[in-house]
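Examination of the molecular architecture
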Amino acid sequence: MRILYDCQAFDMQLVGGISRYFTEIIRNLPESCFYELPAAYSRNVYLNESSLAELKDNPLMEKYDRFLPGLTFRGKRRLHRLRNAVLYRNFTSNRSHDIDALKRQDFDVFHPTYYDPYFLDYIGKKPFVLTIHDMIHEKFPEMLCDAKLVKDKRTLVMRASHIIAISEHTKRDVMDFFSVPEEKITVIYHSVSRDTGEGSPGPDRYGKYILFTGTRINYKNFYFMLIALSDWLKGHPDVKLLCTSSGFSEFEESLIEGLGLKEQVLHVFYRGDSEMRSLYHNAFAFVFPSYYEGFGMPVLEAFEAGCPVILADASCFREIAGDAALYFGPKDKGQLVSAVNALYEDMALRASLVEKGRERLKDFSWSQAAARTAGVYDLVCRRAGAVF
């Protein structure tokens, strides 16, 4: 069975959940699957660190192990990525290579990596499978307004041979918004992509802290969490709130200073998966207050690193975490403060959640996800009458 992927996600992301998802699916495919990913050049970190595509030797994309050899310093990996991004800025996409591969028709099933419907002009009668990662734009148009993306996604949902949803919650949303029959959708969970159990976590440089990861756009509910915890944090001056992703905006700096938390709410950079794993491991709590997630991969990352988890009681979180987390109403200050305080004071509760998280993690596997995805490919190929 021959599967063609396009380069949409790898062209648009330097790093990110969607390109990481496809990287893991492709490299865990069963031996019966032969794939093509027609990328000639890429800035994507996962693609450059794997051998999934025959990337041309691009001097502008210098490999990390050849960058400033013999020198080790804080921020080297970030400097390497920035250098490549700047020097490689004139590259736009692998679209012409995607189209050439589609025109050759040398595949049994096509799996686009995002929602641009450009390929409908070239795919002919070949079947295609579409992965829906979330329905955030449809559910929160006042927060994330992208009419073209919503229109394109709807077009592909209607035309797809089969749809993969990354959680039951996402599946229900697809059915509700697009009136898709249930039999057209298969739920296939993500897994954790960080190296598991390799080496010990790094040193704890921050003392006692709560961890928040990812972007802080509206639906992530960060500002509610910050304001809700402000009094508790001021009453516990030994505790910090650490935030990853991009640095604080002027608005965020002003808000943090206005709350009197300038010394306790900190932005931290991290270098690669191992340092991120240490940030999870050394936190006494990871809080994920988002209104909505398609899956919530950071939940599994926290489980893998042995970090107790507090989640908004919303979207897919109970489906993913089960009883391995504490929950609060997405706008219930009292429940959030109570959960944080419980983990701060109760070591036995923290240990219990860590153990439950590790058990829960056993239900998620990239190899299983790839095998089930291959099963979907086989299904649509047989329906299309492909012989292989």
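Not measured: the values here are computed from a predicted model.

Before going further, it helps to examine the pattern of salt bridges. Tallying each qualifying case throughout the model produces 19 salt bridges. Taking the shortest distance from any N to any O, the salt bridge between Glu24 and Arg27 comes out at 3.1 Å. With a gap of three residues between them, Glu24 and Arg27 both fall in helix α2 (residues 17–27), about one helical turn apart. A relative accessible area of 6% places Glu24 in the buried class. Overall, Arg27 belongs to the partly exposed group, its relative accessible area being 47%.

Looking now at the nonpolar core. Within the largest apolar cluster, 127 residues are counted, with the highest numbers of intra-cluster contacts made by Ile210, Leu241, Ile310 and Leu336. With sequence-adjacent residues up to four places away left out, Ile310 is seen in contact with Ala285, Phe286, Val287, Phe288, Leu326, Phe328, Leu336, Ala339, Val340 and Leu343.

If you check which residues of helix α5 (residues 95–104) are buried, you get Asp98, Ile99, Ala101 and Leu102. Buried residues of α5, viewed axially, fall in a sector of 160°; they line one side. Those residues of α5 hidden inside the fold are in contact with β1 (2–5), α1 (8–12), β2 (34–36) and β3 (109–111). Immediately beyond the C-terminal end of α5, within one or two residues, lies Gln105, with a positive phi of roughly 60°.

Positioned with a positive phi, Ser179 is a non-glycine residue whose angle comes to about 55°. In this structure, Ser179 sits in the loop between α8 (168–178) and β6 (185–187). Of note in this structure, Asn221 is not a glycine but carries a positive phi near 65°. Turning to its location among the elements, Asn221 is positioned in the loop between β7 (208–212) and α9 (222–235).

The strand order β4-β5-β6 describes an open sheet built from three strands, whose pairing is parallel. With one partner strand each, in any of the chains shown, β4 (129–132) and β6 form the two edges of the open sheet. Each adjacent strand pair in this sheet contributes to an overall mean axis angle of 25°, direction not counted. Here three bridges tie strand β5 (residues 162–165) to β6, and the two strands are oriented parallel to one another. Residue pairing across strands places Ile164 opposite Thr186, the latter belonging to β6. Across the sheet, α8 is in contact with β4, β5 and β6; its angle to β6 comes to roughly 160°.

So, about the packing of α9 against helix α14 (residues 333–345). Look at α9 against α14: their axes get within 10 Å of each other, and the N-to-C directions meet at 60°. Classified by the angle between their axes, α9 and α14 sit oblique to one another. Between α9 and α14 lies a crossing of right-handed hand. Listed contacts from α14 to Phe224, Met225, Ala228, Leu229, Asp231 and Trp232 of α9 are Lys333, Leu336, Val337, Val340, Asn341 and Tyr344. Looking at the contact of α9 with α14 residue by residue, the class counts come to nine nonpolar, one polar and two charged.

Rules used throughout
Residues numbered from 1 in each chain as written. Predicted model: local features only at pLDDT ≥ 70, side-chain atom pairs only at ≥ 80, totals over all residues. Heavy atoms only, no water. Salt bridge = Lys/Arg side-chain N within 4 Å of Asp/Glu carboxyl O. Helix = DSSP H or I, 4+ residues; strand = E, 2+ residues; numbered from the N terminus. Buried < 20%, exposed > 50% of the residue type's maximum accessible area, 1.4 Å probe, protein only. Core = buried A, V, L, I, M, F, W, Y, C linked by side-chain atoms within 4.5 Å. Contact = heavy atoms within 4.5 Å. Arc of directions from axis to C-beta. Pairing = 2+ DSSP bridges. Axes fitted to C-alpha atoms, helices over the stretch in contact; angles between N-to-C directions. Parallel < 35°, antiparallel > 145°, perpendicular 65-115°, else oblique. Left-handed = near helix turned anticlockwise from the far one by under 90°. Nonpolar A, V, L, I, M, F, W, Y, C, P; charged D, E, K, R; others polar.

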